[in-house]
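Chain by chain, the residues run as shown.
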2 protein chains.
Amino acid sequence: MKLKISQTVLPLGFQASGVSAGIKRSGKADLALFVSEAPCATAAMMTTNAFKAAPLVVSIRHLSSGHPRALVANSGNANCMTGKQGLADALAMAACVAHGLEVVSGEVLVASTGIIGKPLPMEKIRAGVPEALAALSSKGLADAARAIMTTDTFPKVASVRAKIGGRVVTVSGVAKGAGMIAPKMKTATMLAFCFTDARIEKAALRQIAGQVFDASFNAITIDGCMSTNDMAVVMANGCAGNRAIKKGSPEAAAFSRLLRSICLSLARMIVEDAEGATKFIEVRIMGARTGALAKNLAFGVANSNLFKCAMFGSDPNWGRIAAALGSVDSRLQEPLLRIALNGTPVFKDGKPVAVKNRELLKGRHIVVDVAVGRGPGRATVYTSDLSYGYVRINADYN
Amino acid sequence: MKLKISQTVLPLGFQASGVSAGIKRSGKADLALFVSEAPCATAAMMTTNAFKAAPLVVSIRHLSSGHPRALVANSGNANCMTGKQGLADALAMAACVAHGLEVVSGEVLVASTGIIGKPLPMEKIRAGVPEALAALSSKGLADAARAIMTTDTFPKVASVRAKIGGRVVTVSGVAKGAGMIAPKMKTATMLAFCFTDARIEKAALRQIAGQVFDASFNAITIDGCMSTNDMAVVMANGCAGNRAIKKGSPEAAAFSRLLRSICLSLARMIVEDAEGATKFIEVRIMGARTGALAKNLAFGVANSNLFKCAMFGSDPNWGRIAAALGSVDSRLQEPLLRIALNGTPVFKDGKPVAVKNRELLKGRHIVVDVAVGRGPGRATVYTSDLSYGYVRINADYN
């Protein structure tokens, strides 16, 4: 009994805003704030990059010490590779919000996206935070989504509502995509923030978030490049009044489905909006020895430049799919391999199948189905093609 | 006392030829033959791809059983993903050459490059082999190099000569590049064949070839895509008459330097001739904990699409270098990181250094120097940029 709600709303007890603090030279919104009236059970996934941006370092610290109530995020500056000053600035950004909310700094998470290696303009942040606080509203989700955009061409918002344990629970999320554009030193950062009024035990939330993020934000790739600022968070404030969801319960499964639908929607929007993308590609692997291997195989195909260029050209070049698969797992066997493009087999029984439909890959959506054997491992990865547009955007070319 | 010889020649006791057998529709040379008057100590490196092309399967078998005397290679068809027929065809191709030379099939190595998933046109091979045999000449090296070209824009040949153990020894090699172009299903195959008249024990040759191939052909990347047909071979026929070079001897070290100079020359030519390349990029890592980690870090940078696009745009975007490094090794530390572009520091002491020279990366040759710590590990990897040309060539775009 899941209800996709047409208007994206915040769960009970949450407010959000997005304002322009002048960090972006364009004057567009660049400061987003999310606030809960109650402390939140929270789960997060951060980039594993060695050069984690300062806001991630601060957020990891704050996550380990307590129950956050707020999240502040800026676009236009990544606050990354900025040394001790960067760390002090990220802490000050949290403190600034905490001061306005009359909570402690440790209850505020911080995120940034934008230029690497430039100090955060703190006077602009300090002036922007009170504005963002003043603009807080239970209808502010879309504004906040706009304020974390960089090269995104549309804001990414999703909400869903369902009954869990007799209470209506809402899960909402915003994300920004793996975009990168003209101002130098930008990284392709993925930010995703989810909010729910469900009451859920922290251990249950962390387990569910781990699985859901893995099947959504960790199942997309634009160019295989990992950012220093990637961050996905889910905050649950319990305002729906349901009995706390416990690990392994039917309610946990129901909540997991809700969170999954939001995260998958947001992840797909990120791929839809990938730099220069002309195709949305789904790579589905089955029959692998394990799920982990299936995911590696799917990423092997999805990150192959040769495959991605072929997709840009609507070219049913299955040889590049086979080559990518074979480079990931040297134990694959040719006679067991089956490849289908948009439902049409192109390789099976150890032999190519001639493609008769010349329009096979002309559409925007391409599904690559691969069976590599008879194992139980399956995985799906979403990606885009590699186009002139991608090169143009990322070459900052005059 | 190494002598780079201006005219590329074959070592004593070797002959080569390159003819047009009609496999390529263009009518260009597509069948190369290399023959030694004596059986050869031989070392080879083959792709680790699961879907090894049939000629590789046959060559691996022949290498394990004896001392090859000949190598036959065709372009225009990869004989890959061609099942049992492909295997029979590769064997027949070896048998055809063996018959003409009056040796056994097991003394003939086979290589192919071109379209994946199409049967080898055996009638053309059978007609071409006698022509190639008739054309054999001690001056045929360049002809043979031309016959293995696919999208290469120039033939890749190198020769070097030096005294080892009082005798003049020659090492020569040909290669074809990681190119891929219009006719569908082509893979980006690297072929490299080296020949020497040095007498060398097989164990010594294999050890040296392993190291040299690793530092040359295994240290280049165009797009990170591994072919099903990659193959590097060195054949030593002993015709120089030197006392057999033993493992670990000073002569082995001298021979290693010769082979290395040839393989590095060929590897660099492959990168110079990469599809759509406008830059030749050297990524040098030092200070890593181990040499293997240094190489992974170098490949991490060299295979980053974001980095490669920045280089295409002559953009000194060190943030993308840092992000690529950090995604390979999560233990790297920002304060120890130093990055220089063409000799100009852009990040050190935990801080960016402003780039003043706007022309810094305008030239064709770019050197990226990275120090990641104080460890002993170093590695150099060669690569090209990611350009519109690469996308155009690989999208087969109309």
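Residues numbered from 1 in each chain as written. Chains lettered and ligands numbered in written order. Predicted model: local features only at pLDDT ≥ 70, side-chain atom pairs only at ≥ 80, totals over all residues. Heavy atoms only, no water.

Residues L325 and L337 of chain A together with F34 and F193 of chain B are the most contacted members of the largest nonpolar core, which totals 66 residues. The biggest single contributor to this core is helix α7 (residues 291-302) of chain A, with seven residues. Residues in contact with F34 of chain B, not counting those within four places in the same chain, are Q15, A16, R69, A70, L71, L141, A144, V174, F193 and F195 of chain B. (Core = buried A, V, L, I, M, F, W, Y, C linked by side-chain atoms within 4.5 Å. Buried < 20%, exposed > 50% of the residue type's maximum accessible area, 1.4 Å probe, protein only. Helix = DSSP H or I, 4+ residues; strand = E, 2+ residues; numbered from the N terminus. Contact = heavy atoms within 4.5 Å.)

To continue, consider the interface of chain B and chain A. Residue-level contacts link 56 residues of chain B with 56 residues of chain A. Taking both partners together, chain B and chain A bury about 4600 Å²; carbon and sulfur atoms supply 66% of that area. Among the residues of chain B in contact with chain A, F51, M81 and Y388 of chain B are the three that bury the most area, contributing 15% of the side total. At the boundary of chain B with chain A, the tally comes to zero salt bridges. (Buried area = accessible area lost by both parts, 1.4 Å probe. Salt bridge = Lys/Arg side-chain N within 4 Å of Asp/Glu carboxyl O.)

The next point concerns the relation of the copies chain B and chain A. Between the two copies of the chain lies a rotation about an axis combined with a shift along it. Between chain B and chain A, the superposition needs a rotation of 180 degrees and an axial shift of 0.0 Å, giving an RMSD of 0.0 Å. Between the two chains, the operation in question is that of a two-fold axis. Measuring from the rotation axis to each C-alpha of chain B, the shortest distance belongs to Y388 of chain B, at 2.8 Å. When the interface residues of chain B are mapped onto chain A, 100% of them are again interface residues, pointing to one common binding face. (Least-squares fit on C-alpha atoms with pLDDT ≥ 70 in both.)

Moving on to helix α1 (residues 54-65) of chain A. All names here are of chain A. For α1, with 12 residues, the first-to-last C-alpha span of 17 Å sits near the 16 Å given by 1.5 Å per residue. A54, P55, L56, V58, S59, H62 and L63 are the residues of α1 that are buried. The inward-facing, buried residues of α1 abut β4 (41-46), α2 (83-101), β6 (108-115), α5 (202-215) and β11 (231-236). (Expected span 1.5 Å × (residues − 1).)

Moving on, we get to the sheet that holds strand β10 (residues 220-221) of chain B. Residue and element names in this part refer to chain B. Ordered by their spatial adjacency, seven strands build an open sheet running β10-β17-β12-β16-β13-β14-β15, and the pairing between neighbours is mixed. The open sheet has two free edges, formed respectively by β10 and β15 (351-352), since each of these has just one partner strand. Sheet analysis places β10 next to strand β17 (residues 377-384), joined by two bridges and oriented parallel. Bridge pairing links T221 to T383 in β17. (Pairing = 2+ DSSP bridges.)

What follows is about helix α7 (residues 291-302) of chain B. Residues and elements named next belong to chain B. Relative to the 16 Å expected for 12 residues at 1.5 Å per residue, α7 spans 16 Å between its end C-alpha atoms, a close match to the ideal helical length. Regarding α7, the residues found buried are L293, A294, K295, L297, A298, G300, V301 and A302. In this fold, the buried residues of α7 make contact with α5 (202-215), β10, β12 (280-288), α8 (305-312), α9 (318-328) and β17.

All names here are of chain A. Tallying each qualifying case throughout the model produces 20 salt bridges over all chains. The salt bridge involving D152 is made with K156; its shortest N-O contact spans 2.7 Å. On the basis of relative accessibility, which here comes to 0%, the residue K156 falls in the buried class. Linking R289 and D329 is a salt bridge whose minimum nitrogen-to-oxygen distance equals 3.2 Å. You can see R289 sitting in the loop between β12 (280-288) and α7 and its partner D329 sitting in the loop between α9 (318-328) and β13 (338-341), a full 40 residues away along the chain. One connected set of salt bridges, linked through shared partners, spans D152, K156 and D273.

Another point: the packing of α1 of chain A against α2 of chain A. Residue and element names in this part refer to chain A. Viewed as axis vectors pointing N to C, α1 and α2 meet at an angle of 55 degrees, and their least axial separation amounts to 8 Å. Considering the angle they form, α1 stands oblique to α2. Handedness of the crossing formed by α1 with α2: right-handed. Seen from α1, the contacting residues are A54, P55, V57, V58, R61 and H62; seen from α2, they are G86, L87, A90, L91 and A94. Class assignment of the residues belonging to the contact of α1 with α2 gives a composition of eight nonpolar, two polar and one charged. (Axes fitted to C-alpha atoms, helices over the stretch in contact; angles between N-to-C directions. Parallel < 35°, antiparallel > 145°, perpendicular 65-115°, else oblique. Left-handed = near helix turned anticlockwise from the far one by under 90°. Nonpolar A, V, L, I, M, F, W, Y, C, P; charged D, E, K, R; others polar.)

Let us now look at the packing of aromatic side chains. Residue and element names in this part refer to chain A. Tallying each qualifying case throughout the model produces 15 aromatic pairs over all chains. Aromatic ring contacts, followed pair by pair, group F14, F34, F193 and F195 into a single cluster. Cation over ring: K156 sits above F154, and NZ or CZ is 4.3 Å from the ring centre. (Phe/Tyr/Trp six-rings, centres within 6.5 Å; stacked < 30°, edge-to-face > 60°. Lys NZ or Arg CZ within 6 Å of the ring centre and 35° of its normal.)

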